[in-house]
Each structure stands twice: as C-alpha cells, then as structure tokens.
Amino acid sequence: TPLYTLTGYRDLPNRRRAVGLYAFIYVCLHLLVFFGLDYDFNWYETWSLIIGKVYLWVGVVAVLLLIPLAVTSFDYFIRKMARNWKRLHWLVYPAVVVSILHYGLSQKGDLFTLRGNETRPFFWLMLTSVLLAMRIPVVRRWVSGTRRKLVVYFRHVPHANKVEAGRNSLPPES
C-alpha cells in the first residue's frame with residue numbers, strides 16, 4: 001500500500017480492513033445524523049433535498065460504492081470470491097475520489113477557483129493524488145528506494161544529542 005511504501009511501517013497492511021470498516025461506520029453515522037438529526041427522518045423532505053443538490057447525489061454515489069466493500073470485507077467473502085474480491089475492492093479508489101468531491105461540493109465557496117472553504121477538500125485531494133500516484137510501480141520503486149537510502153543515511157549520521165562514552169559522566173567513586 002502507498003502508506004506502507006512511504007513509511008515502511010510493517011503493520012500497516014494488517015490494519016487496512018479495520019480502517020475500511022471504520023470508514024464505513026463513519027459513513028453510516030454521517031447518514032444517521034443527516035437523516036435523523038437534520039431532517040428528523042422526514043423521508044419526503046430528505047428525498048426532495050437530495051434530488052435538488054448535486055453534492056448529495058455525489059454523496060449517494062460514494063455510499064453506493066462503499067456498501068459492497070463493507071459487506072465483502074469478511075473472511076468468508078474473501079475465500080468465496082477469490083480473485084474477484086480483489087477486483088471488487090479496487091472500488092475503494094473511485095470511492096475515495098468521489099467522497100472528496102462530495103466534501104468539496106458541500107463546502108461554502110467555489111470548488112473550481114478554490115474560494116471559500118475549499119482548502120481542506122483541496123488538501124485531501126492532493127494527498128489522495130500523491131498516494132494514488134504511489135500505486136504506479138515506477139513511483140513506488142522510487143519512493144521505496146529513497147526511503148531506504150534515507151533510513152541508511154540517518155542511521156549513520158552522528159546525532160548532536162548523543163553523549164560520547166566517558167564524557168559528561170559521573171567521576172568514579174573512591
């Protein structure tokens with residue numbers, strides 16, 4: 001994964017499923033707040049609002065992309081679907097992009113000229129673009145190699161805060 005390539009933290013790939021399911025739980029809570037707290041489960045009013053707002057349509061698309069990912073995240077489906085499971089879970093990439101688009105369109109301001117509250121969605125878009133670019137094999141190899149070189153370099157650089165043996169130590173007791 002791009003974050004593993006960037007950081008070298010070996011436990012990150014084991015956490016992907018949990019992060020994905022947490023993201024889906026966040027989406028469910030987001031929908032519950034939207035339908036429940038904002039519109040008091042008034043389906044007619046909510047539906048008429050969804051029809052009229054582009055950012056809500058984009059949000060619906062994001063949710064529809066995430067539902068099959070959440071449902072098939074369990075070991076049973078991974079075994080049953082085999083290679084198709086991996087193909088299905090590539091939907092996470094368009095889901096992330098559509099989610100950022102939903103976030104950007106829902107902000108007050110102009111997404112295309114970056115006026116108003118558009119700096120956060122733009123930041124997430126740029127971060128996602130960098131991480132998605134790291135999926136390209138040439139970029140991934142370059143980042144991995146650079147990270148390894150930096151790790152080796154910083155292991156051999158003497159740090160200013162290291163205390164040399166014998167220096168600044170207590171005098172021997174007599």
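Look above for the structure.
Please read all numbers here as calculations on a predicted model, not as lab measurements.

S.K.: It is not clear to me how the nonpolar core should be interpreted in this structure. Could you clarify?
M.R.: Generally speaking, a soluble globular protein has its nonpolar side chains buried in company with each other. Residues V27, V58, A62, V63, L65, L66, L69, A95 and V98 constitute the largest nonpolar core, which totals nine residues. When residues of this core are assigned to their parent elements, the largest contribution, six residues, is made by helix α4 (residues 54-71). Leave out the neighbours within four places in its chain, and A62 touches A95, V98 and S99. Listed in part, the five residues of the second largest apolar core include F34, F35, L49 and L56.

S.K.: I'm lost on the environment of T146 in this one. Help?
M.R.: Summarising the element assignment, T146 is placed in helix α9 (residues 137-156). The exposure class of T146 is partly exposed, given its relative accessible area of 28%. C-alpha of T146 to C-alpha of L6: the two residues are 140 residues apart in sequence and 9.4 Å apart in space.

S.K.: How should the pattern of salt bridges be read in this particular structure?
M.R.: Pairs may arise between side chains of opposite charge once their charged atoms sit close together. Enumeration according to the criterion identifies two salt bridges in this entry. Here R15 makes a salt bridge to D11, at a shortest N to O gap of 2.6 Å. Classification of D11 as partly exposed rests on a relative accessible area of 23%. For D75, the salt bridge goes to R17, with nearest N and O atoms at 2.8 Å. Here D75, found in helix α5 (residues 75-81), pairs with R17, found in helix α2 (residues 16-38); they are 58 residues apart in sequence, far enough to count as distant.

S.K.: Where do I start with the side chain of H102 in this structure?
M.R.: Mapped onto the elements, H102 comes out in helix α7 (residues 92-106). Here H102 falls in the buried class, since its relative accessible area comes to 17%. Not counting residues up to four positions away in its chain, the partners in contact with H102 are H30, Y55, V58 and G59.

S.K.: Would you mind showing me how to read α7 here?
M.R.: An α-helix turns once per 3.6 residues; consequently, residues spaced three or four apart project the same way. An ideal rise of 1.5 Å per residue puts 21 Å on 15 residues; α7 measures up with 21 Å between its terminal C-alpha atoms. Those residues of α7 not exposed but buried are Y93, A95, V98, I100, H102 and G104. Packed against the buried residues of α7 are α2, α4 and α8 (119-133).

S.K.: Got a minute to help me understand the packing of aromatic side chains in this structure?
M.R.: Under the definition given, this model contains seven aromatic pairs. These aromatic residues form a ring-pair network of at least three members: F34, F35, Y39, F41 and W43.

S.K.: Explanation requested: unusual backbone geometry in the structure shown.
M.R.: Leaving glycine out, the prevailing phi sign among residues is negative, and the prevailing peptide bond configuration is trans. Of note, D40 is a non-glycine position whose phi angle comes to about 50 degrees, a positive value. Mapped onto the fold, D40 is located in the loop between α2 and α3 (43-52). Taking the relative accessible area as the measure of exposure, D40 reaches 63% and is therefore exposed. At F41, a position not held by glycine, the phi torsion is positive, near 55 degrees. Position of F41 relative to the elements: it lies in the loop between α2 and α3.

S.K.: Whenever I open this one, the environment of Y103 confuses me. Can you help?
M.R.: Residue placement: Y103 occurs in helix α7. Placed 19 residues apart in sequence, Y103 and F122 show a C-alpha to C-alpha distance of 9.7 Å. Apart from the residues lying within four places of it in its own chain, the contact partners of Y103 are R120, P121 and W124.

Scoring rules and cut-offs
- Residues numbered from 1 in each chain as written.
- Predicted model: local features only at pLDDT ≥ 70, side-chain atom pairs only at ≥ 80, totals over all residues.
- Heavy atoms only, no water.
- Core = buried A, V, L, I, M, F, W, Y, C linked by side-chain atoms within 4.5 Å.
- Buried < 20%, exposed > 50% of the residue type's maximum accessible area, 1.4 Å probe, protein only.
- Helix = DSSP H or I, 4+ residues; strand = E, 2+ residues; numbered from the N terminus.
- Contact = heavy atoms within 4.5 Å.
- Salt bridge = Lys/Arg side-chain N within 4 Å of Asp/Glu carboxyl O.
- Expected span 1.5 Å × (residues − 1).
- Phe/Tyr/Trp six-rings, centres within 6.5 Å; stacked < 30°, edge-to-face > 60°.

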